[in-house]
Amino acid sequence: MKINTMFAISLAMFGLSAASFLFMRVYESHMAALFAAGFGFAAMISMMVPGLQKILKGKTVKPKA
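I will try to describe carefully the structure that is included in this document. Just so it is clear, the model here is predicted, and its values are computed rather than measured.

Side note on the overall build of the protein chain
Looking only at helices and strands, one finds two helices and zero strands in the protein chain. Going through the 65 residues of the protein chain one by one, you find that 15% of them count as buried. Accessible surface, the protein chain as shown: approximately 5,700 Å² in total, 72% of it carbon and sulfur.

Listed below in structure tokens is the structure:
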């Protein structure tokens with residue numbers, strides 16, 4: 001079973017975001033909050049990249065209206 005590289009990166013970023021969020025809640029750290037937001041944003045971007053690449057290459061199926 002092949003694991004997509006972007007999926008693995010997205011999963012890692014989401015994990016780091018969740019860990020930073022928990023660290024922020026436990027230790028009331030503002031820096032951890034910034035890291036949580038940054039890692040969360042990176043996770044969202046890495047989830048969107050493969051879909052955007054498919055759209056740009058024209059490999060998506062367009063519904064017939």
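A look at the side chain of Ser 20
Tracing the backbone through its elements, the reader meets Ser 20 in helix α1 (residues 5-27). Those residues in contact with Ser 20 that lie beyond four places of it in its chain are Ala 32, Phe 35, Ala 36 and Phe 39.

Points about the environment of Ser 17
Topologically, Ser 17 is positioned in helix α1. For Ser 17, a relative accessible area of 13% corresponds to the buried category. Remark: the alpha-carbon pair of Ser 17 and Ala 32, spanning 15 residues in sequence, is separated by 9.2 Å. Dropping the residues within four chain positions of it, Ser 17 is found in contact with Ala 36, Phe 39 and Gly 40.

Thoughts on the packing of aromatic side chains
Using the criterion set out here, one finds two aromatic pairs in the structure. Ring geometry for Phe 35 and Phe 39: centres 6.2 Å apart, planes at 25°, overall stacked. Of this pair, Phe 35 and Phe 39 both sit in helix α2 (residues 30-57), four residues apart, which is roughly one turn of the helix.

A few points about a nonpolar patch on the surface
The grouping of Phe 41, Met 44, Ile 45, Met 48, Leu 52 and Ile 55 at the surface amounts to a nonpolar patch, some 600 Å² of accessible area in total. Within the fold, Ile 55 resides in helix α2.

Regarding α1
Residue pairs three or four apart in sequence face the same way in an α-helix, which turns once every 3.6 residues. The end-to-end C-alpha distance of α1 is 33 Å, a good match for the 33 Å that 23 residues give at a rise of 1.5 Å each. For α1, the full list of buried residues reads Ser 10, Ser 17, Ser 20 and Met 24. Tucked inside the fold, the buried residues of α1 contact α2. Following α1 by one or two positions, Glu 28 adopts a phi angle in the positive range, close to 50°.

Rules and cut-offs
Residues numbered from 1 in each chain as written. Predicted model: local features only at pLDDT ≥ 70, side-chain atom pairs only at ≥ 80, totals over all residues. Heavy atoms only, no water. Helix = DSSP H or I, 4+ residues; strand = E, 2+ residues; numbered from the N terminus. Buried < 20%, exposed > 50% of the residue type's maximum accessible area, 1.4 Å probe, protein only. Areas by Shrake-Rupley, 256 points an atom, 1.4 Å probe, with all protein chains shown as cover. Contact = heavy atoms within 4.5 Å. Phe/Tyr/Trp six-rings, centres within 6.5 Å; stacked < 30°, edge-to-face > 60°. Patch = residues over 30% accessible without salt bridge, like charges linked within 9 Å, V, L, I, M, F, W, Y side chains within 5 Å. Salt bridge = Lys/Arg side-chain N within 4 Å of Asp/Glu carboxyl O. Expected span 1.5 Å × (residues − 1).

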